[in-house]
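Breakdown of the fold
Residue strings, one per chain:
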Amino acid sequence: MVTLRLPLTEKDIEGLEAGMRVRLTGDVYTARDAAHKRLVELIARGEKLPFDLDGAAIYYAGPCPAKPGQVIGSCGPTSAIRMDAYAPVLFDHGVRLTIAKGPVAEEVRRSIVRNRAAYLCAAGGAGALISHHITAAETVAFEDLGTEAVRRLTVCELPLIVGIDSKGESLFQ
Amino acid sequence: MREIACDSIRDAVRLLFLEACTAPADGVTGLLADARQGETLPHAREILAQLIENNGIAQRERTPACQDTGMAVVFADIGQDAHVVGGFFGDAVEEGVRQAYADGYLRKSVLDPLTRKNTGDNTPAVIHERIVPGDRIKLWTLPKGFGSENMSRIAMLSPSAGVDGVMDFVVDCASGAGGSPCPPVFLGVGLGGTFESCAMLSKRQLLREVGACSPDPQLAEMEAELKRRINALGMGPMGMGGNTYCLEVRVGKEPTHIAALPVAVNFCCHMLRHAVAEL
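Residues numbered from 1 in each chain as written. Chains lettered and ligands numbered in written order. Predicted model: local features only at pLDDT ≥ 70, side-chain atom pairs only at ≥ 80, totals over all residues.

Residue and element names in this part refer to chain B. Here helix α2 (residues 28–37) has its buried residues at Val28, Thr29, Leu31, Leu32 and Ala35. With its buried residues spanning 155° around the axis, α2 presents them on a single face. Facing away from the buried surface of α2 by more than 90 degrees, the exposed residues are Asp34 and Gln37. Buried residues along α2 sit in contact with α3 (42–61) and β8 (246–256). (Buried ≥ 20, exposed ≤ 12 C-beta atoms within 10 Å, placed from the backbone. Helix = DSSP H or I, 4+ residues; strand = E, 2+ residues; numbered from the N terminus. Arc of directions from axis to C-beta. Contact = placed C-beta atoms within 7 Å.)

This part is about the sheet that holds strand β4 (residues 126–132) of chain B. All names here are of chain B. Strand order in this open sheet of 4 strands is β4-β2-β5-β10, and the pairing throughout is mixed. Only two strands of the sheet have a single partner each, and these edge strands are β4 and β10 (275–278). Neighbour-to-neighbour, the strand axes of the sheet open up by a mean angle of 15°, direction not taken into account. Relative to β4, strand β2 (residues 71–79) runs parallel, the two being bridged by 7 bridges. Counterpart to Val73 in the pairing with β4 is Val126. (Pairing = 2+ DSSP bridges. Axes fitted to C-alpha atoms, helices over the stretch in contact; angles between N-to-C directions.)

Right, let's get into the nonpolar core. For soluble globular proteins, the rule of thumb is that nonpolar side chains tend to be buried together. Of all hydrophobic cores here, the largest spans 134 residues; its most connected members are Ile58, Ile99 and Leu120 of chain A together with Val185 of chain B. Both domains that furnish three or more residues to this core are identified here as domain 1 (2–21 + 65–144) and domain 2 (147–272) of chain B. Sequence-distant contacts of Ile58 of chain A, defined by excluding residues within four places in its chain, comprise Val28, Tyr29, Ala31, Leu90, Val95 and Thr98 of chain A. (Core = buried A, V, L, I, M, F, W, Y, C linked by C-beta atoms within 7 Å. Domains from an automatic or database assignment.)

Residue and element names in this part refer to chain B. By domain assignment, chain B separates into domain 1 (2–21 + 65–144) and domain 2 (147–272). Inter-centroid distance (C-alpha atoms) of domain 1 to domain 2 is 26 Å. For the side of domain 1 that touches domain 2, the element with the highest residue contribution is strand β5 (residues 137–144), accounting for 3 residues. Of the residues contributing to the side of domain 1 that touches domain 2, the split by class is 5 nonpolar, 1 polar and 2 charged. (Nonpolar A, V, L, I, M, F, W, Y, C, P; charged D, E, K, R; others polar.)

Residues Thr123 of chain B and Pro124 of chain B are joined by a peptide bond in cis, for which omega reads 0°. With respect to the helices and strands, the residue Pro124 of chain B is situated in the loop between α4 (89–103) and β4. Looking along the chain, the bond that leaves Pro183 of chain B and enters Pro184 of chain B is cis, with omega of 10°. Secondary-structure assignment places Pro184 of chain B in the loop between α6 (162–177) and β7 (185–193). Backbone geometry at Arg116 of chain A places phi at a positive 50°, although glycine is not the residue there. With 13 C-beta atoms counted inside 10 Å, the residue Arg116 of chain A sits in the partly exposed group.

Bringing the sheet that holds β7 of chain B into the picture now. Residue and element names in this part refer to chain B. On the basis of which strands lie adjacent, the open sheet formed by 4 strands has the order β6-β9-β7-β8 and mixed pairing. In this open sheet, the two edge strands, each paired with only one partner strand, are β6 (153–157) and β8. The sheet shows a mean angle of 15° between the axes of neighbouring strands, taken without regard to direction. As paired elements, β6 and strand β9 (residues 261–268) share 5 bridges and run antiparallel to each other. Paired with Ile154 across the two strands is Ala264, which belongs to β9. Most of the contacts of α6 go to β9, to which it runs at about 30°, and overall it touches β6, β7, β8 and β9.

Here's what the structure looks like:
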């Protein structure tokens, strides 16, 4: 078991190995299908992004609405595979960590190696449990997308497993 | 003729979706606990422990177990001697869905396929009505998440493919899906019929209670063999390695055409969310 604090250092990333169990603390940004499409379009047009991708951790997730008194509703990971068309662009623009569930395309694995990044997996369907590890949530972009908006989440000891490490070793092969 | 008020249909649909999203189907948590005993990899055991804990939190806090509270699928067996009064059946179902997704703080995930504009209240529901004998209405609600739904497939096999071809196709579906449908999964398999009825049959298998294998000995044997072959692939929980990828395979069949051997595979995640009531 490894405890990590965001943003990750080069050494943190190098120390990760596929299959390792991790507890992650710090700020991550949520983005799923619609937000990825917009981010990649902004990059293609050379426009300013709503948050700094350099060193960022992106969590592929779209939460349930928060009940009164809750920080956030149920907030588990969505399938990484649907972001295959966008993920290499974001890794090439500074993203160091993605958090999601399930396999990714070979091209994504190669972009993780190329950028010395990593892909961590959360348990799909464990959204209620994961919401207990989120201590703050704030919408930072694309509010019109509702659940698909970009949110900055502060996570505390979020339980994860290394799916693909910076050397390209993968649990999905 | 027995009268059934639209209001009671609406209220039942509302409650059934709230229940299905916050409580795992009976027996599911037991299957996950058994699966955990059968894993040796620490991360596979941890994933299953988290899923068990998650089910407990959802039930205790009456909060959605998963953020993908799905598209609202409703199966309705309507007795031909039941008379729906006080409105239209379909409107009552839609209003029940609307209220459940608002009152339960469930995620609204339904949108136009091309413009991607969200309808805002998780309607329309997908409603499958069937006229049956009697004067009652039986309702099943399935909040169907799309991590699993997206992995579902159908093939119009040639009759020459035979049982072996069917088995290979189902195993190939699981192998191709990997970790995306939130394994350990339940698989509904439909055999026969036409293109659309085969797909429907595969989804109907998800309404079965946990632990109930097919009453048809040949289908029961296929279910056991498919589960063995799929789990032997070693994909495990979340497709990250281990012994349990599949908790149950359910196979249903119906007559088909002399030229055909349709087979459909509908994936469902480890919660097998559904709820049922009779009015």
